[in-house]
Amino acid sequence: MPIERTFAIIKPDAVAAGNAGQILAMIETAGFKILAMRKHQLSRAEAEGFYAVHKGKGFFAELVDFMTEGPVVLLALERENAIAKWREVMGATNPDKAEAGTVRKLYGTNIGRNASHGSDAPETAAFELSWFFRGSEMI
Ligand code: GDP
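If you're wondering where the values come from, they're calculated on a predicted model, not measured in any experiment.

Draft legend 1. Quick peek at the packing of aromatic side chains. If you walk through the whole model with that rule in mind, you get seven aromatic pairs. Ring geometry for F127 versus W131: centroids 5.4 Å apart, planes at 50°, classification tilted. Of this pair, F127 and W131 both sit in helix α7 (residues 122–132), four residues apart, which is roughly one turn of the helix. Here a set of aromatic residues connected by ring pairs shows up, and it is made of F7, F50, Y51, F132 and F133. In this arrangement the basic side chain of R79 is found over the ring face of F32, its NZ or CZ atom lying 5.7 Å from the centre.

Draft legend 2. Region of the structure containing the site of the ligand. Neighbouring the ligand are the residues K11, H54, F59, E62, L63, R87, T93, R104, I111, G112 and N114. Here H54 contributes a side-chain N or O atom positioned 3.1 Å from an oxygen atom of the ligand. When each cavity is represented as a set of grid points, the ligand is found to reside in the largest pocket. When the residues that make up the shell around the ligand are grouped by side-chain class, the tally is three nonpolar, four polar and four charged.

Draft legend 3. Broad picture of the layout of surface pockets. In this structure, the largest pocket spans a volume of roughly 610 Å³. At the level of secondary structure, the elements contributing two or more residues to the lining of the largest pocket comprise α3 (44–50), α4 (60–67), β4 (116–118) and α7. Taken together, the residues of the lining of the largest pocket break down into nine nonpolar, ten polar and seven charged.

Draft legend 4. Main features of α7. Looking only at α7, the buried set comprises A125, E128, L129 and F132. Buried residues along α7 cover an arc of 100° about the axis, so they all sit on one side. Turned more than 90 degrees away from the buried face of α7 sit E123 and S130, all of them exposed. Tucked inside the fold, the buried residues of α7 contact β1 (3–10), β2 (33–40), α3, β3 (72–80), α5 (82–90) and β4.

Draft legend 5. Focus on the sheet that holds β3. Spatially, the four strands line up as an open sheet ordered β2-β3-β1-β4, and their pairing is antiparallel. The strands lining the two open edges of the sheet, one partner per strand, are β2 and β4. In this sheet, neighbouring strand axes are inclined to one another by 20° on average, regardless of whether the strands run parallel or antiparallel. Here β2 runs beside β3; their pairing, made up of seven bridges, is antiparallel. By the bridge assignment, A36 is partnered in β3 with A76. Packing against the sheet, α7 makes contact with β1, β2, β3 and β4, and its axis sits at approximately 55° to β1.

Draft legend 6. Quick look at the environment of G70. For G70, the location among the structural elements is in the loop between α4 and β3. G70 sits 21 residues away from G91 along the chain, and the two C-alpha atoms are 23 Å apart. Filtering out sequence-adjacent residues up to four positions away, G70 remains in contact with P12 and Q41.

Draft legend 7. Here's a closer look at the environment of S116. For S116, the location among the structural elements is in strand β4. When neighbours within four sequence positions are excluded, S116 is seen to be in contact with I9, K11, W86, M90, V103 and R104.

What counts and what doesn't
- Residues numbered from 1 in each chain as written.
- Predicted model: local features only at pLDDT ≥ 70, side-chain atom pairs only at ≥ 80, totals over all residues.
- Heavy atoms only, no water.
- Phe/Tyr/Trp six-rings, centres within 6.5 Å; stacked < 30°, edge-to-face > 60°.
- Helix = DSSP H or I, 4+ residues; strand = E, 2+ residues; numbered from the N terminus.
- Lys NZ or Arg CZ within 6 Å of the ring centre and 35° of its normal.
- Near = heavy atom within 4 Å.
- Polar contact = N/O pair within 3.5 Å; in protein donor to acceptor, adjacent residues only side chain to side chain.
- 1 Å grid on protein atoms, 1.4 Å probe; cavity = no way out; pocket = protein on both sides within 12 Å on 5 of 7 lines; lining within 4 Å.
- Sits in = over half its atoms within 2 Å of the grid points.
- Nonpolar A, V, L, I, M, F, W, Y, C, P; charged D, E, K, R; others polar.
- Points joined across faces, edges and corners; volume = space filled by probe spheres on them.
- Buried < 20%, exposed > 50% of the residue type's maximum accessible area, 1.4 Å probe, protein only.
- Arc of directions from axis to C-beta.
- Contact = heavy atoms within 4.5 Å.
- Pairing = 2+ DSSP bridges.
- Axes fitted to C-alpha atoms, helices over the stretch in contact; angles between N-to-C directions.

Right, dumping it as structure tokens:
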């Protein structure tokens, strides 16, 4: 399995609830190296650009409202098979359908307010990492 990078967000619901530390512990326990990490308040323009692929969907405005309601933690993560592995640790998009012990099962509320984000493919990981981090910040 190749060493790979992925992009993660601890979303505003999880940060506000004080669950960021628990989620970071899960990330390290799962064998990820944290290459970069920054607390950040997304602007509407940033959230709209980041989620441009969902523009036009019924939940887009709700998604942008949610992602901008408070600070997030942005993360660049590295390990073998990082993209699939982080999505496994996060669990299904809808916390009701997520496996026991996953981030979204433990800390998500519903399909919108689901505690975390993870890239879904190498191309999206590269785009999302570069959206928020300079190459020199990932160490
Ligand atoms: P992900 O890759 O598992 O995050 O899922 P998607 O790419 O399908 O959706 C991106 C994000 O949009 C999700 O993590 C949710 O926060 C949000 N989202 C997806 N579907 C819905 C929905 O039906 N309603 C609402 N309110 N938000 C949604």
